[in-house]
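Okay, here's what each chain looks like letter by letter:
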Amino acid sequence: MIHFVSTFPPIVCGVGAYTEYVTRHLDHWRVTSFETDEPRDAVVTFPAARVSYELSPCSCRLPSLADGHELVWLQHAFGIWGKDTDRFTDLVAQLKQKGAKTAATFHTIHFESGETKSGLTMREHRFMGAVLPLLDCVTVFSDGACRALSEAFPQFAAKIVVLRHGVHIYAAISRDDARQRLFRHLAERVESVAKIAKDLLSPETIILGNFGFITPDKDPVALYEIGDQVRKKLAGRRIVTLYAGTIASRADREKSATMDLLQQLRLAHDGR
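Bear in mind the structure is a predicted one, so any value in this text is a computation, not a measurement.

## A closer look at the overall build of the protein
A tally of helices and strands in the protein yields nine helices and nine strands. Looking at the 272 residues of the protein, the share that counts as buried comes to 40%. Considering only contacts in the protein between residues 6 or more positions apart, those separated by 24 or more positions represent 62%. Taken as a whole, the protein presents about 15,900 Å² of accessible surface, with 52% of it coming from carbon and sulfur.

Right, dumping it as C-alpha coordinates:
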(Lines give C-alpha, C1' and ligand atoms only; values in the text may rest on other atoms or scores of the structure.)
Protein backbone atom coordinates (compact mmCIF):
# COMPACT_ATOMS: atom_id res chain seq x y z
CA MET A 1 0.00 0.00 0.00
CA ILE A 2 1.27 3.47 -0.92
CA HIS A 3 0.01 6.40 1.11
CA PHE A 4 0.39 9.74 -0.72
CA VAL A 5 0.41 12.99 1.22
CA SER A 6 -0.39 15.61 -1.39
CA THR A 7 -2.91 17.92 -2.98
CA PHE A 8 -5.40 16.00 -5.14
CA PRO A 9 -8.30 16.79 -7.52
CA PRO A 10 -10.62 18.66 -7.48
CA ILE A 11 -7.96 21.02 -6.11
CA VAL A 12 -6.55 22.78 -9.20
CA CYS A 13 -2.83 22.20 -8.80
CA GLY A 14 -0.06 20.58 -10.79
CA VAL A 15 1.08 18.67 -7.70
CA GLY A 16 -2.36 17.12 -7.33
CA ALA A 17 -2.51 16.30 -11.04
CA TYR A 18 0.86 14.55 -10.78
CA THR A 19 -0.33 12.43 -7.85
CA GLU A 20 -3.49 11.55 -9.75
CA TYR A 21 -1.42 10.48 -12.79
CA VAL A 22 0.62 8.15 -10.61
CA THR A 23 -2.36 6.61 -8.82
CA ARG A 24 -4.00 5.75 -12.15
CA HIS A 25 -1.38 3.03 -12.55
CA LEU A 26 -1.55 1.62 -9.02
CA ASP A 27 -3.87 -0.89 -7.41
CA HIS A 28 -3.17 -0.30 -3.72
CA TRP A 29 -3.05 3.34 -2.69
CA ARG A 30 -4.68 6.09 -0.72
CA VAL A 31 -4.19 9.87 -0.43
CA THR A 32 -4.35 12.31 2.44
CA SER A 33 -4.95 15.71 0.87
CA PHE A 34 -5.66 19.28 1.94
CA GLU A 35 -8.97 20.69 3.07
CA THR A 36 -11.10 22.04 0.21
CA ASP A 37 -14.48 23.73 -0.10
CA GLU A 38 -14.79 22.65 -3.72
CA PRO A 39 -17.59 20.18 -4.56
CA ARG A 40 -15.98 16.81 -5.13
CA ASP A 41 -18.87 14.65 -6.29
CA ALA A 42 -19.26 16.37 -9.67
CA VAL A 43 -15.67 16.03 -10.86
CA VAL A 44 -14.01 13.19 -8.98
CA THR A 45 -14.14 9.70 -10.43
CA PHE A 46 -11.90 7.83 -7.98
CA PRO A 47 -13.32 5.87 -5.00
CA ALA A 48 -14.04 8.44 -2.27
CA ALA A 49 -12.81 6.02 0.41
CA ARG A 50 -9.29 6.29 -0.99
CA VAL A 51 -8.88 10.05 -0.42
CA SER A 52 -9.36 12.11 2.72
CA TYR A 53 -9.22 15.92 2.77
CA GLU A 54 -7.99 16.71 6.25
CA LEU A 55 -4.63 18.48 6.00
CA SER A 56 -4.37 22.22 6.69
CA PRO A 57 -1.64 24.24 4.92
CA CYS A 58 -1.45 26.41 8.04
CA SER A 59 -0.86 23.50 10.42
CA CYS A 60 0.24 20.30 8.71
CA ARG A 61 0.08 17.11 10.71
CA LEU A 62 0.95 13.60 9.72
CA PRO A 63 -1.85 11.31 8.59
CA SER A 64 -2.45 8.24 10.69
CA LEU A 65 -0.38 5.39 9.35
CA ALA A 66 -2.40 2.21 9.39
CA ASP A 67 -0.76 -1.17 9.14
CA GLY A 68 -0.04 -2.27 5.62
CA HIS A 69 1.30 1.04 4.25
CA GLU A 70 4.52 -0.08 2.63
CA LEU A 71 5.46 3.44 1.54
CA VAL A 72 4.52 7.03 2.45
CA TRP A 73 5.07 9.35 -0.53
CA LEU A 74 5.26 13.07 0.25
CA GLN A 75 4.77 15.67 -2.48
CA HIS A 76 6.42 19.05 -3.02
CA ALA A 77 8.74 20.20 -0.23
CA PHE A 78 8.68 23.81 -1.49
CA GLY A 79 5.32 25.52 -1.56
CA ILE A 80 2.41 23.59 -0.12
CA TRP A 81 4.32 22.85 3.07
CA GLY A 82 5.19 26.50 3.58
CA LYS A 83 8.40 28.46 3.10
CA ASP A 84 9.95 26.94 6.23
CA THR A 85 11.52 23.74 4.91
CA ASP A 86 12.17 22.59 8.48
CA ARG A 87 8.48 21.62 8.62
CA PHE A 88 8.96 19.19 5.76
CA THR A 89 12.16 17.80 7.27
CA ASP A 90 10.33 17.28 10.57
CA LEU A 91 7.60 15.31 8.77
CA VAL A 92 10.19 13.04 7.19
CA ALA A 93 11.97 12.59 10.53
CA GLN A 94 8.70 11.61 12.23
CA LEU A 95 8.01 9.03 9.54
CA LYS A 96 11.53 7.67 9.95
CA GLN A 97 10.96 7.29 13.69
CA LYS A 98 7.77 5.34 12.96
CA GLY A 99 9.77 2.99 10.75
CA ALA A 100 7.93 3.98 7.57
CA LYS A 101 9.56 3.77 4.17
CA THR A 102 9.38 7.33 2.82
CA ALA A 103 9.63 8.84 -0.67
CA ALA A 104 9.39 12.47 -1.75
CA THR A 105 8.79 14.17 -5.09
CA PHE A 106 10.59 17.47 -5.59
CA HIS A 107 8.53 19.33 -8.16
CA THR A 108 10.90 22.30 -8.24
CA ILE A 109 14.65 21.63 -8.23
CA HIS A 110 17.00 24.04 -10.00
CA PHE A 111 19.98 22.86 -12.00
CA GLU A 112 21.02 26.12 -13.68
CA SER A 113 21.72 28.28 -10.62
CA GLY A 114 25.10 29.92 -10.26
CA GLU A 115 24.92 29.76 -6.47
CA THR A 116 26.50 26.28 -6.27
CA LYS A 117 28.71 24.18 -8.54
CA SER A 118 25.96 21.61 -9.05
CA GLY A 119 23.38 24.16 -10.22
CA LEU A 120 21.21 23.94 -7.10
CA THR A 121 20.38 27.10 -5.20
CA MET A 122 21.99 27.43 -1.78
CA ARG A 123 18.58 27.01 -0.15
CA GLU A 124 17.99 23.75 -2.02
CA HIS A 125 21.51 22.49 -1.26
CA ARG A 126 21.12 23.07 2.49
CA PHE A 127 17.66 21.53 2.53
CA MET A 128 18.55 18.45 0.48
CA GLY A 129 21.61 17.88 2.65
CA ALA A 130 19.31 17.63 5.67
CA VAL A 131 16.51 15.55 4.16
CA LEU A 132 18.27 13.15 1.75
CA PRO A 133 19.77 10.96 4.53
CA LEU A 134 16.24 10.43 5.89
CA LEU A 135 14.49 9.53 2.63
CA ASP A 136 14.39 6.13 0.97
CA CYS A 137 13.66 7.50 -2.50
CA VAL A 138 13.56 10.86 -4.28
CA THR A 139 11.81 11.54 -7.59
CA VAL A 140 12.40 14.57 -9.80
CA PHE A 141 11.01 15.64 -13.18
CA SER A 142 14.07 16.16 -15.36
CA ASP A 143 17.49 14.75 -16.19
CA GLY A 144 18.96 18.13 -15.26
CA ALA A 145 17.50 18.06 -11.75
CA CYS A 146 18.61 14.45 -11.31
CA ARG A 147 22.14 15.28 -12.44
CA ALA A 148 22.36 18.33 -10.14
CA LEU A 149 21.28 16.35 -7.08
CA SER A 150 23.52 13.40 -7.92
CA GLU A 151 26.56 15.63 -8.39
CA ALA A 152 25.89 17.56 -5.19
CA PHE A 153 25.23 14.39 -3.14
CA PRO A 154 26.92 11.44 -4.90
CA GLN A 155 26.57 9.26 -1.79
CA PHE A 156 22.77 9.35 -2.29
CA ALA A 157 22.68 9.11 -6.11
CA ALA A 158 21.10 5.64 -6.02
CA LYS A 159 18.03 7.11 -4.28
CA ILE A 160 17.35 9.70 -7.01
CA VAL A 161 15.19 8.80 -10.03
CA VAL A 162 13.41 10.69 -12.81
CA LEU A 163 9.63 10.24 -12.93
CA ARG A 164 8.25 12.84 -15.28
CA HIS A 165 4.99 14.76 -15.02
CA GLY A 166 2.31 13.16 -17.17
CA VAL A 167 4.45 12.63 -20.27
CA HIS A 168 3.24 9.06 -20.60
CA ILE A 169 -0.40 10.04 -21.29
CA TYR A 170 0.27 12.27 -24.31
CA ALA A 171 0.66 11.14 -27.90
CA ALA A 172 3.54 12.48 -29.97
CA ILE A 173 2.77 15.93 -31.41
CA SER A 174 4.71 18.36 -33.58
CA ARG A 175 5.73 21.77 -32.25
CA ASP A 176 3.60 23.57 -34.86
CA ASP A 177 0.52 21.50 -33.97
CA ALA A 178 1.07 22.08 -30.24
CA ARG A 179 1.48 25.79 -30.87
CA GLN A 180 -1.77 25.98 -32.84
CA ARG A 181 -3.72 24.06 -30.20
CA LEU A 182 -2.39 26.20 -27.34
CA PHE A 183 -3.13 29.55 -28.98
CA ARG A 184 -6.50 28.39 -30.29
CA HIS A 185 -7.40 27.41 -26.71
CA LEU A 186 -6.32 30.84 -25.41
CA ALA A 187 -7.98 32.76 -28.25
CA GLU A 188 -11.34 31.14 -27.49
CA ARG A 189 -11.15 32.55 -23.95
CA VAL A 190 -9.36 35.88 -24.26
CA GLU A 191 -10.34 38.49 -26.87
CA SER A 192 -6.93 40.19 -26.91
CA VAL A 193 -5.27 36.88 -27.77
CA ALA A 194 -7.72 36.29 -30.61
CA LYS A 195 -6.76 39.65 -32.13
CA ILE A 196 -3.10 38.65 -32.49
CA ALA A 197 -3.65 34.96 -33.30
CA LYS A 198 -1.91 35.27 -36.70
CA ASP A 199 1.12 36.89 -35.10
CA LEU A 200 1.32 34.16 -32.47
CA LEU A 201 1.39 31.49 -35.15
CA SER A 202 3.88 33.29 -37.36
CA PRO A 203 7.40 31.78 -37.39
CA GLU A 204 8.72 35.37 -37.56
CA THR A 205 7.30 36.23 -34.13
CA ILE A 206 9.40 35.87 -30.99
CA ILE A 207 7.22 34.79 -28.07
CA LEU A 208 8.33 35.16 -24.46
CA GLY A 209 5.91 33.30 -22.25
CA ASN A 210 5.15 31.48 -19.06
CA PHE A 211 2.11 29.97 -17.38
CA GLY A 212 0.93 28.89 -13.95
CA PHE A 213 -0.63 30.32 -10.82
CA ILE A 214 -0.41 34.09 -10.43
CA THR A 215 1.43 34.60 -7.14
CA PRO A 216 3.93 37.27 -6.01
CA ASP A 217 6.73 34.74 -5.45
CA LYS A 218 6.62 33.73 -9.15
CA ASP A 219 7.08 37.43 -10.12
CA PRO A 220 5.32 37.29 -13.50
CA VAL A 221 5.82 41.06 -13.94
CA ALA A 222 9.55 40.38 -14.45
CA LEU A 223 8.67 38.53 -17.66
CA TYR A 224 7.29 41.74 -19.17
CA GLU A 225 10.36 43.68 -18.07
CA ILE A 226 12.47 41.15 -19.99
CA GLY A 227 10.12 41.52 -22.95
CA ASP A 228 10.72 45.28 -23.00
CA GLN A 229 14.49 44.74 -23.01
CA VAL A 230 14.28 42.24 -25.88
CA ARG A 231 12.01 44.61 -27.83
CA LYS A 232 14.57 47.42 -27.53
CA LYS A 233 17.40 45.13 -28.66
CA LEU A 234 15.41 43.73 -31.60
CA ALA A 235 13.49 46.78 -32.71
CA GLY A 236 12.65 45.33 -36.12
CA ARG A 237 11.10 42.09 -34.82
CA ARG A 238 7.60 41.33 -33.62
CA ILE A 239 7.90 40.47 -29.91
CA VAL A 240 4.95 39.12 -27.92
CA THR A 241 5.13 38.63 -24.16
CA LEU A 242 2.42 36.35 -22.80
CA TYR A 243 1.60 35.07 -19.31
CA ALA A 244 -1.30 32.61 -18.99
CA GLY A 245 -2.39 31.99 -15.43
CA THR A 246 -5.03 32.00 -12.76
CA ILE A 247 -5.08 33.40 -9.24
CA ALA A 248 -4.24 30.79 -6.62
CA SER A 249 -6.87 30.72 -3.88
CA ARG A 250 -5.39 29.46 -0.61
CA ALA A 251 -6.37 29.75 3.01
CA ASP A 252 -2.83 30.64 4.11
CA ARG A 253 -2.40 33.56 1.67
CA GLU A 254 -4.02 36.97 1.45
CA LYS A 255 -5.87 37.19 -1.84
CA SER A 256 -5.55 41.00 -1.85
CA ALA A 257 -1.79 40.72 -2.49
CA THR A 258 -2.42 38.59 -5.56
CA MET A 259 -5.14 40.95 -6.80
CA ASP A 260 -2.62 43.83 -6.63
CA LEU A 261 -0.26 41.71 -8.70
CA LEU A 262 -3.01 41.01 -11.24
CA GLN A 263 -3.51 44.76 -11.64
CA GLN A 264 0.25 45.19 -12.21
CA LEU A 265 0.09 42.54 -14.95
CA ARG A 266 -2.79 44.33 -16.65
CA LEU A 267 -0.88 47.62 -16.55
CA ALA A 268 2.17 45.88 -18.08
CA HIS A 269 0.30 45.56 -21.39
CA ASP A 270 0.99 48.50 -23.68
CA GLY A 271 -2.20 48.08 -25.68
CA ARG A 272 -0.43 47.11 -28.92
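## Side note on the sheet that holds strand E6 (residues 137-140)
Across the sheet, which stays open at both edges, the seven strands sit in the order E3-E2-E1-E4-E5-E6-E7 with parallel pairing between neighbours. Looking at the sheet topology across the chains shown, the edges are occupied by strand E3 (51-55) and strand E7 (160-162). When the angles between neighbouring strand axes are averaged without regard to direction, this sheet yields 25 degrees. Here strand E4 (residues 71-75) runs beside strand E5 (residues 102-105); their pairing, made up of four bridges, is parallel. The residue of E5 that forms the bridge with Gln75 is Thr105. In the packing of helix H4 (residues 143-152) onto the sheet, the strands contacted are E6 and E7, and the crossing angle to E7 comes to about 170 degrees.

## Details of helix H3 (residues 122-131)
For H3, the complete set of buried residues consists of Glu124, Phe127, Met128 and Val131. An end-on view of H3 places all buried positions within 95 degrees of arc, on one side of the element.

## Some points on the side chain of Thr241
Looking at where Thr241 falls in the secondary structure, it is placed in strand E9 (residues 239-247). Thr241 gets classed as buried once you look at its relative accessible area, which sits at 11%.

Reading the values: the criteria
Residues numbered from 1 in each chain as written. Predicted model: local features only at pLDDT ≥ 70, side-chain atom pairs only at ≥ 80, totals over all residues. Heavy atoms only, no water. Helix = DSSP H or I, 4+ residues; strand = E, 2+ residues; numbered from the N terminus. Buried < 20%, exposed > 50% of the residue type's maximum accessible area, 1.4 Å probe, protein only. Contact = heavy atoms within 4.5 Å. Areas by Shrake-Rupley, 256 points an atom, 1.4 Å probe, with all protein chains shown as cover. Pairing = 2+ DSSP bridges. Axes fitted to C-alpha atoms, helices over the stretch in contact; angles between N-to-C directions. Arc of directions from axis to C-beta.

The values are spatial; any link to function lies outside them.
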